[in-house]
Amino acid sequence: MNITINQVLQSYIDPLTASEYAALERSLLAEGCRDALVLWNDVLIDGHNRYAICRQHGIEFKTIQNTSFTSLDDVMLWMIDNHLARRSVSDFQRGVLALRKKEIVAARSPAPVSAQDAPEGENAPKPPMSTREEVAKAARLSSNQISQIEKIQKAASPELVEAVRSGTISINAAATVASLPPEEQVAAVAGGKKLLRQAAKEIREQRAATRTPREPKVHVSQDTPETGNEPWAENAAQAPSEAERLRGEIAGLKQRVAQLQAENTELNQRIAALIDAS
């Protein structure tokens, strides 16, 4: 029997850890392949790990055809929904799958009806999976996590993507590190989990240090004549000294930013030295 492996479909599957793969291998060697592999024509759509192990050890297996699909997009959506329902799939992979589902659904949906073309008294219907909240619900994640995964997909180096996929770094930290230039991302990943966390922490500190504090607003009533004894008058008189205090804080924060940048440069040099030594 000729079975085809579609690389795009296979990419939807979170790879098993070494221990999980070994446990599946022991089970197949001891009990055989009890569950049939699912095919669409000659394309394997469920049972990729079992198929690889069975071929390696010459274990017999059965196949069944799923004839309900009319296109590869149907197969993709079926696989995505299957994996989104599994508890073993990581948060990052669920987010990636839900975003991919959004793309497929959007491509298959008819052009949205404008508000002008909608029947009178009715709002124009929104296509499914069109909002970040809907994607987050499908992935069982927060909207903020979906936003972070989108940032990782757009800006992260392949090494950083693999680090978050394997659980070496969290989604939150990976989205932060993704703001670094690609070569610094690669260096941080090479330094391991501790260095990745340190890099994410330093970036957050730098952002916090460069964030300009808001000056307090003074409320002045437009309806009541001023007498000089209003409750806000004292605050207004103190405004210059408050502004001076804020300027002093900003100056201190700028010094801190310069110090963090120097520490970051030193950290990159240490990373490069560690890479050279290895």
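Quick note: structure is the one above.
Residues numbered from 1 in each chain as written. Predicted model: local features only at pLDDT ≥ 70, side-chain atom pairs only at ≥ 80, totals over all residues. Heavy atoms only, no water.

Colleague: Where do I start with the packing of aromatic side chains in this structure?
Modeller: Each pair of aromatic rings is reported with the distance of its centres and the angle of its planes. According to the stated counting rule, one finds two aromatic pairs in the structure shown. Seen in terms of ring centroids, Tyr-51 and Phe-61 are 5.7 Å apart; in terms of plane orientation they differ by 85 degrees. Their pairing is edge-to-face. Linking Tyr-51 in helix 3 (residues 48-57) with Phe-61 in the loop between helix 3 and strand 3 (63-65), this pair joins segments that are ten residues apart in sequence. For Tyr-51, a relative accessible area of 9% puts it in the buried group. By relative accessible area, Phe-61 is classed as partly exposed at 29%. (Phe/Tyr/Trp six-rings, centres within 6.5 Å; stacked < 30°, edge-to-face > 60°. Helix = DSSP H or I, 4+ residues; strand = E, 2+ residues; numbered from the N terminus. Buried < 20%, exposed > 50% of the residue type's maximum accessible area, 1.4 Å probe, protein only.)

Colleague: How should I be thinking about the pattern of salt bridges in this particular structure?
Modeller: Scanning the model with the defined rule gives eight salt bridges in all. The closest approach of N and O atoms between Asp-46 and Arg-86, which form a salt bridge, is 3.4 Å. With Asp-46 in strand 2 (residues 43-46) and Arg-86 in the loop between helix 4 (72-84) and helix 5 (91-108), this residue pair connects regions lying 40 residues apart in the sequence. The salt bridge involving Asp-74 is made with Arg-108; its shortest N-O contact spans 3.0 Å. Of this pair, Asp-74 sits in helix 4 while Arg-108 is found in helix 5, placing the two residues 34 residues apart along the sequence. One salt-bridge network, in which partners are shared between bridges, spans Asp-46, Arg-50 and Arg-86. (Salt bridge = Lys/Arg side-chain N within 4 Å of Asp/Glu carboxyl O.)

Colleague: I would appreciate a short explanation of the pairing of strand 2 in the present structure.
Modeller: The side chains of a regular strand alternate, first on one face of the sheet and then on the other. Of the strand pairs in this sheet, strand 1 (residues 37-40) and strand 2 are connected by three bridges, and their pairing is antiparallel. Within strand 2, the residue paired with Val-38 across the bridge is Asp-46. Taking the residues that link successive antiparallel strands as the turn, the strand 1-strand 2 hairpin has two residues, and the phi of Asn-41 there is positive, at about 60 degrees. (Pairing = 2+ DSSP bridges.)

Colleague: What is the right way to look at empty space enclosed by the protein in this model?
Modeller: Summed over all chains, the structure comprises one cavity of 30 Å³ or more. Taken as a whole, the largest cavity spans an internal volume of roughly 50 Å³. Leu-180, Glu-184, Ala-188, Ala-199, Asn-264, Leu-267, Asn-268 and Ile-271 are the residues that line the largest cavity. Of all the elements in the fold, those that place two or more residues in the lining of the largest cavity are helix 10 (182-190) and helix 12 (231-277). (1 Å grid on protein atoms, 1.4 Å probe; cavity = no way out; pocket = protein on both sides within 12 Å on 5 of 7 lines; lining within 4 Å. Points joined across faces, edges and corners; volume = space filled by probe spheres on them.)

Colleague: Looking at this model, I keep getting lost on the sheet that holds strand 2. Mind explaining?
Modeller: Strand pairing in a sheet is mediated by backbone hydrogen bonds. Such pairs are either parallel or antiparallel. What the three strands build is an open sheet, ordered 2-1-3; its pairing is mixed. Each having just a single partner strand, strand 2 and strand 3 make up the two edges of the open sheet. On average, each strand axis in the sheet is inclined to that of its neighbour by 45 degrees, with strand direction left out of account. Here strand 1 pairs with strand 3 via three bridges, running parallel. When the sheet's bridge partners are listed, Leu-39 is paired in strand 3 with Gln-65. Relative to the sheet, helix 4 contacts strand 1 and strand 2, its axis offset from that of strand 2 by approximately 25 degrees. (Axes fitted to C-alpha atoms, helices over the stretch in contact; angles between N-to-C directions. Contact = heavy atoms within 4.5 Å.)

Colleague: I would appreciate a short explanation of unusual backbone geometry in the present structure.
Modeller: In most cases, non-glycine residues show a negative phi, while peptide bonds are predominantly trans. Not every positive phi belongs to a glycine, and Asn-41 is a case in point at roughly 60 degrees. Locating Asn-41 in the fold gives a position in the loop between strand 1 and strand 2. Despite not being glycine, Arg-140 shows a phi value in the positive range, around 60 degrees. Assignment of secondary structure puts Arg-140 in the loop between helix 6 (132-139) and helix 7 (143-155).

That is the geometry; function is a separate question.
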